[in-house]
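This is what each chain is made of:
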Amino acid sequence: MMSSAINIEVVYGLPEKQSLLSLKVPVNSTVLQAIEASGIQKIYTDIDLNENKVGVWNRTCKLNDTLFEGDRVEIYRPMIADPKEVRKRRAEKAKDEGRADKVTGGRPNPMKNNKTEQNDQ
């Protein structure tokens, strides 16, 4: 006998508060239908499905994608900073603080300093 409902989860989180809601939805439910059925938008009034991207198990998807047993619907917060820009700033700071090689940008080679000290002796 085929069940007419599937078990899914809907998750959303802010830095200070996260929610994971487990629920049953009819077979062939869409991501949007699951989000609406979960009531998560009543808990987090900042969710705007025109703005927030959604996904299933860390893979972005569309609101009209069909869900399967055990799927976890994730609602993602909008990015507040460009990840490339953040990485670039972090790398510059590491170079300035001496935590990164000024030429390669990688970790400083501890052997490099030892060689120059050995040559001085």
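Above this text you will find the structure in question.
(A) Quick peek at the sheet that holds strand β4 (residues 59–61). If you walk across this open sheet you meet the 5 strands as β2-β1-β5-β3-β4, and the pairing is mixed. Both edges of this open sheet fall to β2 (17–26) and β4, since each of them pairs with a single strand only. The sheet shows a mean angle of 30° between the axes of neighbouring strands, direction not considered. As paired elements, strand β1 (residues 5–14) and β2 share 10 bridges and run antiparallel to each other. By the bridge assignment for β2, alanine 5 is matched with proline 26. Contacts from helix α1 (residues 31–38) reach β1, β2, β3 (54–56), β4 and β5 (72–75), with the element oriented near 115° to β2.

(B) Main features of the packing of aromatic side chains. On inspection of all chains with the given rule, the structure shows 1 aromatic pair. Here tyrosine 12 and tyrosine 44 contribute two aromatic rings whose centre-to-centre distance is 4.8 Å and whose plane-to-plane angle is 70°, an arrangement assigned as edge-to-face. Placement of tyrosine 12 in strand β1 and of tyrosine 44 in the loop between α2 (40–43) and β3 is noted, with a sequence separation of 32 residues between them. Overall, the relative accessible area of 4% leaves tyrosine 12 in the buried class. A cation sits over an aromatic face here: lysine 17 above tyrosine 44, 5.1 Å from the ring centre.

(C) Up close: the nonpolar core. One finds Ile8, Val10, Ile35, Ile40, Leu67 and Ile75 to be the most contacted residues of the largest nonpolar core, which totals 19 residues. Counting only elements with at least two residues in this core, the list comes to β1, β2, α1, β3 and β5. The greatest single-element share of this core, amounting to 5 residues, is contributed by β1. Not counting the four nearest positions on each side in its chain, leucine 67 is found in contact with Ile6, Ile8, Ser29, Thr30, Val31, Ala34, Val56 and Val73.

Quick notes on the rules
Residues numbered from 1 in each chain as written. Predicted model: local features only at pLDDT ≥ 70, side-chain atom pairs only at ≥ 80, totals over all residues. Heavy atoms only, no water. Pairing = 2+ DSSP bridges. Helix = DSSP H or I, 4+ residues; strand = E, 2+ residues; numbered from the N terminus. Axes fitted to C-alpha atoms, helices over the stretch in contact; angles between N-to-C directions. Contact = heavy atoms within 4.5 Å. Phe/Tyr/Trp six-rings, centres within 6.5 Å; stacked < 30°, edge-to-face > 60°. Buried < 20%, exposed > 50% of the residue type's maximum accessible area, 1.4 Å probe, protein only. Lys NZ or Arg CZ within 6 Å of the ring centre and 35° of its normal. Core = buried A, V, L, I, M, F, W, Y, C linked by side-chain atoms within 4.5 Å.

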